[in-house]
Structures are given as C-alpha cells and as structure tokens.
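Given next are the chains, with one letter for each unit.
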Amino acid sequence: MHESMSFTFIDPDRLPPSENSMVARLPAGIRDPKQLLDMLYQRLDLPGYFGFNWNALLDCLGDFHWIQQRVIVLVHEDVPAMANLELKNYLEVLDESIRSWQSSDKHRLVVVFPPSCRDKVEHGLYKS
C-alpha cells in the first residue's frame, strides 16, 4: 500500500505552459494494454528497444535519456478502461516512476488525470 498518491488531478486544459516540458497526451477510450503501450510508445517517442510490456515501460520511464526537456508530463484524458489487474499494473508503474525521479535534478515525471478520475485511479491503484 502506498502512503500517498503521486498523481496530479487537474483539468488537462488548465495545465500551465512550460518551456522546458515535454507534454504527451493520452486520449480517452484506451481499452487494453496493447493499445496503451502503443500510444505511450508514440506519444513519448520511446526508444526502439522498448519491449511493449510493464517492465519495459518502467525501465523507459526511469531513464528519459532521449528527452531533452527536464519535465515530462503525461496527460490522461481519462483512466484507461482495462481489466483491474492491468490497470493496477499500469498505475503502479507510473507511481514508481514518478517517485524514482523525485530526488533527481535531471528529469521529473508528472502524471495528470482529470479531477473526475480521482476515484477510479485510487480504486485502481489501492483496491484491485
């Protein structure tokens, strides 16, 4: 069980612009891990060696050597509508990745969901 959630809940359209940020937006309607991993590969411009699984995602979200901007913002328009275990795996990868960058001065990962998704995210992360 995690002590506190590391996600940001804000209307995606109200994100302040930042010169030194890379913003990757994930649309609503993602239904399965394959679709999600494909979308992350494209939107984050993940390296060619990306393995399209949760471990590979954790590895890439913990590196960012290919991204020049200091802040990487992953904006979700909705919570992916995946099976409970898959959603929990995804949210845990995101949570661990955010926490791994907290003491770094090289990069920072920010994961954004709309405020209306807070219950779904909490349920997906803590109750699945």
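Note that this is a predicted model, so its numbers are computed, not measured.

Some words on the layout of surface pockets
Next, step 1: Size it by volume and the largest pocket reaches roughly 250 Å³.
Next, step 2: Contributing to the lining of the largest pocket are 14 residues, with Leu15, Pro16, Ser18, Ser21 and Val73 lying nearest its centre.
Next, step 3: Elements represented by at least two residues in the lining of the largest pocket include exactly strand S2 (21–26), strand S3 (71–76) and strand S4 (108–113).

So, the packing of aromatic side chains
Next, step 1: Counted according to the given criterion, the structure contains eight aromatic pairs.
Next, step 2: Centre to centre, the rings of Tyr41 and Phe50 are 6.1 Å apart; their planes meet at 15°, and the pair counts as stacked.
Next, step 3: On the basis of relative accessible area, Phe50 is assigned to the buried category, the value being 4%.
Next, step 4: Measuring from centroid to centroid gives 5.8 Å for Trp54 and Tyr90, while their planes differ by 40°, and the two rings are tilted. Of this pair, Trp54 sits in helix H2 (residues 54–61) while Tyr90 sits in helix H3 (residues 84–101); the two residues are 36 residues apart in sequence, bridging distant segments of the chain.
Next, step 5: Using a relative accessible area of 0% as the deciding quantity, one classes Tyr90 as buried.

So, the pairing of S3
Next, step 1: Along S3, six of the six residues are buried, which leaves the element largely enclosed by surrounding structure.
Next, step 2: Side chains of S3 alternate between two faces, with Val71, Val73 and Val75 and Ile72, Leu74 and His76 buried alike.
Next, step 3: Alignment of S2 against S3, held across six bridges, turns out to be parallel. Bridge assignment links Met22 to a residue of S3, and that residue is Ile72.
Next, step 4: Pairing between S3 and S4: five bridges, direction parallel. Its bridge partner being in S4, Ile72 is matched across the sheet by Leu109.

Points about the packing of H3 against helix H4 (residues 118–127)
Next, step 1: At a minimum axis distance of 8 Å, the contact between H3 and H4 shows a crossing angle of 95°. By the angle class used here, H3 and H4 are roughly perpendicular. Between H3 and H4, the residues in contact are Leu87, Lys88, Leu91 and Glu92 and Val121, Gly124 and Leu125, respectively.

Thresholds applied
- Residues numbered from 1 in each chain as written.
- Predicted model: local features only at pLDDT ≥ 70, side-chain atom pairs only at ≥ 80, totals over all residues.
- Heavy atoms only, no water.
- 1 Å grid on protein atoms, 1.4 Å probe; cavity = no way out; pocket = protein on both sides within 12 Å on 5 of 7 lines; lining within 4 Å.
- Points joined across faces, edges and corners; volume = space filled by probe spheres on them.
- Helix = DSSP H or I, 4+ residues; strand = E, 2+ residues; numbered from the N terminus.
- Phe/Tyr/Trp six-rings, centres within 6.5 Å; stacked < 30°, edge-to-face > 60°.
- Buried < 20%, exposed > 50% of the residue type's maximum accessible area, 1.4 Å probe, protein only.
- Pairing = 2+ DSSP bridges.
- Axes fitted to C-alpha atoms, helices over the stretch in contact; angles between N-to-C directions.
- Parallel < 35°, antiparallel > 145°, perpendicular 65-115°, else oblique.
- Contact = heavy atoms within 4.5 Å.

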